[in-house]
Amino acid sequence: MNATLVIMAAGMGSRYGGEKQTDGIGPNGEAIMEYSVYDAVQAGFRKIVFIIKPEMEETLRKLCGDRIQTWKTPQGEPVEVAYVFQDFSSVPSFYQIPAERKKPFGTVHAVLCARDAVKEPFAVINADDYYGKPAFSTILEKLLTLKETGEGAMVAYRLKNTVSDNGTVSRGVCQTENGNLKKVKETLKIKKYPDGAIADVADPEREVALDPESPVSMNFWGFTPWLFEELEAYFHDFLKGLAPDELKAECLLPVLVDKLITEGKLNVSVLDTDAVWFGVTYQEDRPVVEAELKKLHASGAYPPSLKN
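Since the model is a prediction, treat every value here as computed from it, not as a measurement. (Residues numbered from 1 in each chain as written. Predicted model: local features only at pLDDT ≥ 70, side-chain atom pairs only at ≥ 80, totals over all residues. Heavy atoms only, no water.)

Student: So what's going on with the nonpolar core? Which residues, and what values?
Tutor: Core analysis: the biggest nonpolar cluster contains 60 residues, and F45, F50, Y157 and F220 have the highest contact counts within it. Core analysis: the second largest hydrophobic core is formed by 42 residues, V111, M154, F223 and L260 among them. (Core = buried A, V, L, I, M, F, W, Y, C linked by side-chain atoms within 4.5 Å. Buried < 20%, exposed > 50% of the residue type's maximum accessible area, 1.4 Å probe, protein only.)

Student: Give me helix α1 (residues 32-43): which residues, what numbers.
Tutor: Taking 1.5 Å per residue, twelve residues should reach 16 Å; α1 reaches 17 Å between its end C-alpha atoms and fits that length. With ten of its twelve residues buried, α1 lies for the most part within the structure. Listing the buried residues of α1 in full gives I32, M33, E34, Y35, S36, V37, Y38, D39, A40 and V41. Where α1 ends, the next residue or the one after it, G44, has phi of about 125°, a positive value. (Helix = DSSP H or I, 4+ residues; strand = E, 2+ residues; numbered from the N terminus. Expected span 1.5 Å × (residues − 1).)

Student: Just give me the short version of the packing of aromatic side chains, but keep the residues and values in it.
Tutor: Enumeration over the complete set of coordinates arrives at 17 aromatic pairs. Ring geometry for F122 and F228: centres 5.3 Å apart, planes at 15°, overall stacked. Here F122, found in strand β4 (residues 122-126), pairs with F228, found in helix α5 (residues 227-240); they are 106 residues apart in sequence, far enough to count as distant. Judged by its relative accessible area of 2%, F228 is buried. Three or more aromatic residues link up through ring pairs in this structure, and these residues are Y35, Y38, W71, Y130, F278 and Y302. We note R101 situated over the ring of F105; from NZ or CZ to the ring centre the distance is 4.0 Å. One residue, K240, lies across the ring of F94, its end atom 5.4 Å from the ring centre. (Phe/Tyr/Trp six-rings, centres within 6.5 Å; stacked < 30°, edge-to-face > 60°. Lys NZ or Arg CZ within 6 Å of the ring centre and 35° of its normal.)

Student: Would you mind going over unusual backbone geometry in detail, with residue names and values included?
Tutor: Negative phi characterises most residues that are not glycine, and trans characterises most peptide bonds. The phi angle at N178 is positive, at roughly 55°, despite the residue not being glycine. Note on N178: relative accessible area 74%, which makes it exposed. Look at N219: it is not a glycine, yet its phi comes out positive at around 60°. As for its placement among the helices and strands, N219 is situated in strand β11 (residues 215-223).

Laid out in structure tokens, this is it:
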């Protein structure tokens, strides 16, 4: 059975101050997503779908897309590459987009934009997160056993390993039970203090301490195409509830997953992995990621260059 990796790469990178999705952070100018694609193909994923802004296509093809479609899986199967656009043209006509709005509509809209390109079980990741080689084998194995409807999977990471020393981050803080996801709360302002304490600081009058060992979602999900109907319905309801002058609200995938779990429509397996996560939210995070990628190349986890 085929499986597809869907990469969300259309974000604005406002906190990073640039196009972090295509920033060449690796020792030979590799973007973080190139490591994810390499790991996915080595695990056996046969199709890669990039969700991008239209103006990114030429850059992404030159960066890695044209090269990736010459790759083969370890079984000798060719890798297919597709590009889909997340822009305002795919927003339903019943919603009038404010002229001042620049921000995309979030991860639910992003994945929904891939609907026509995905007909098989699929994993979803962020372009600017490094998820670790073992995580792709783990989720692929699960993807190939999912029922056609009502089942999904998530690779979980520990909160303490996903926060930044350089500012607040957003994470889906999870509650699990017997290996299944029971609740995921999208927490938008998580701060790490110098003593290692971590808190939700969205309300400056009432900070909420968070357990550093809490499992969190880093948007590494596994689904079947059944989900697209739910994505569409939820996104339409989201748009209908927006104020006419709303410029920044986003429709978020973890919030939808939590809703479907609560309604009994979706069961999500939480997958354990030895993989190490790292990523860039701020420019100040970049040197740490550069150093980690150099270590991985030096250890032999990756060839000297992914550009060959």
